[in-house]
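Next come the chains, spelled out residue by residue.
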Amino acid sequence: TDPLAIGLAFLSNIAIHESGHYLIAEGVGAGDATLKFFSQEDGAFFLGLSTVRNLPEESSITYKLGGEIAASYTFEFALQGYRQRPTTYNAALLFFSGTDLFWYTVFAFYLAPEEDARYDPVGVREVTGFSRGTLLGAASAQLAANAYRVWSGTDRVMPSFSYDRRSALLNLTLRF
């Protein structure tokens, strides 16, 4: 009902997603980390684009998932805010951050004119060897768990990331 709040939530999610890449790059000692927004490079369009030089090879997966790690923290923040005081901004931020990995995976593998390693899901596939379907399945599981948490008002099923310099894991926690 408030297009300004929805637009601000969309832009907030993009900024936080890209900042996640930047923070990971800085944390692993990579050089020349940069951020660009709403840019086109080599015929590919990017809502946000983080680039880095001298990224340690062992930190590649963590860097490629840095945006999703940041989006998962954003979701947690928005969920707490929404539960305490529901607003259009919180609801929109829940939507954008909670669906980030899913829509990005769908876009990168099925809607983009061609696969581009600068798209996070494609880069993750290249580093891990996981298939498109496996990554879409993981993104779908995270989306379903996030939706359930919003709908049910409980945290019995929680997706989360854990990471270090050499690895990043998407976890699904079930609380009994």
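Above this note sits the structure.
Attention in this report is confined to the structure presented alongside it. (Residues numbered from 1 in each chain as written. Predicted model: local features only at pLDDT ≥ 70, side-chain atom pairs only at ≥ 80, totals over all residues. Heavy atoms only, no water.)

**What to know about the environment of T51**
Point 1. Inspection of the secondary structure assignment puts T51 in strand β2 (residues 44–53).
Point 2. Here the alpha-carbon distance between T51 and A9, two residues 42 residues apart in the chain, equals 23 Å.
Point 3. In contact with T51, other than residues within four places in its own chain, are D32, A33, T34 and Y63.
Point 4. Side-chain polar atoms of T51 contact the side chain of T34, separated by 2.3 Å. (Helix = DSSP H or I, 4+ residues; strand = E, 2+ residues; numbered from the N terminus. Contact = heavy atoms within 4.5 Å. Polar contact = N/O pair within 3.5 Å; in protein donor to acceptor, adjacent residues only side chain to side chain.)

**Description of the pairing of β2**
Point 1. Sheet topology note: the strand β1 (residues 31–41)/β2 ladder contains 8 bridges and is antiparallel. Within β2, the residue paired with Q40 across the bridge is F45.
Point 2. Where β1 hands over to β2, the hairpin turn is made up of 2 residues, of which D42 adopts a positive phi near 50 degrees. (Pairing = 2+ DSSP bridges.)

**Re the packing of helix α4 (residues 88–111) against helix α5 (residues 120–128)**
Point 1. Viewed as axis vectors pointing N to C, α4 and α5 meet at an angle of 75 degrees, and their least axial separation amounts to 7 Å. The angle between the axes of α4 and α5 places the two elements in the roughly perpendicular class. Residue-level contacts link Y104, T105, A108 and F109 of α4 to D120, P121, V122 and R125 of α5.
Point 2. The residue inventory of the contact of α4 with α5, partitioned by class, reads 5 nonpolar, 1 polar and 2 charged. (Axes fitted to C-alpha atoms, helices over the stretch in contact; angles between N-to-C directions. Parallel < 35°, antiparallel > 145°, perpendicular 65-115°, else oblique. Nonpolar A, V, L, I, M, F, W, Y, C, P; charged D, E, K, R; others polar.)

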